[in-house]
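Listed below, chain by chain, are the residues.
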Amino acid sequence: MVLYQVVCALGEFLLGRLAQSRLGVLGLVLMATVAVGIRARHTGLAVGAAVVFTLLMTQA
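Scope of this entry: the structure provided in the associated data block. Since the model is a prediction, treat every value here as computed from it, not as a measurement.

### A closer look at the packing of helix H1 (residues 2-23) against helix H3 (residues 43-59)
Part 1 of the reasoning: Relative orientation of the contacting elements H1 and H3 amounts to 50°, with a least axis distance of 10 Å. Overall, the two elements H1 and H3 adopt an arrangement that is oblique. The two elements H1 and H3 meet at a crossing, and its hand is left-handed. Together, Leu18, Ala19, Arg22 and Leu23 of H1 and Phe53, Leu56 and Met57 of H3 make up the contact between the two elements.
Part 2 of the reasoning: Of the residues in the contact of H1 with H3, the class split is six nonpolar, no polar and one charged.

In structure tokens, the structure reads:
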């Protein structure tokens, strides 16, 4: 269980760093929105933010 949480935290950190290096603050905000949407079990928010993030990453 602890290993799973460490792997998830590491994944979030690495994705956040990637987003920040390519998209700046907007990428971090979108990644945080995806994480909050998943943890709050609000799938509409998470999916919408993930789609916008994906579109911006393809353009960067």
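And the narrative resumes.
### Digging into a nonpolar patch on the surface
Part 1 of the reasoning: Side chains of Leu10, Phe13 and Leu14 sit close together on the surface and give an oily, nonpolar patch of about 320 Å² of accessible area.
Part 2 of the reasoning: Note on placement: Phe13 falls in helix H1.

### Re H1
Part 1 of the reasoning: In this model H1 runs 31 Å from its N-terminal to its C-terminal C-alpha over 22 residues, within 8% of the 32 Å that 1.5 Å per residue would give.
Part 2 of the reasoning: Gly24 lies just past H1 and shows a positive phi near 75°.

Rules used throughout
- Residues numbered from 1 in each chain as written.
- Predicted model: local features only at pLDDT ≥ 70, side-chain atom pairs only at ≥ 80, totals over all residues.
- Heavy atoms only, no water.
- Axes fitted to C-alpha atoms, helices over the stretch in contact; angles between N-to-C directions.
- Helix = DSSP H or I, 4+ residues; strand = E, 2+ residues; numbered from the N terminus.
- Parallel < 35°, antiparallel > 145°, perpendicular 65-115°, else oblique.
- Left-handed = near helix turned anticlockwise from the far one by under 90°.
- Contact = heavy atoms within 4.5 Å.
- Nonpolar A, V, L, I, M, F, W, Y, C, P; charged D, E, K, R; others polar.
- Patch = residues over 30% accessible without salt bridge, like charges linked within 9 Å, V, L, I, M, F, W, Y side chains within 5 Å.
- Areas by Shrake-Rupley, 256 points an atom, 1.4 Å probe, with all protein chains shown as cover.
- Salt bridge = Lys/Arg side-chain N within 4 Å of Asp/Glu carboxyl O.
- Expected span 1.5 Å × (residues − 1).

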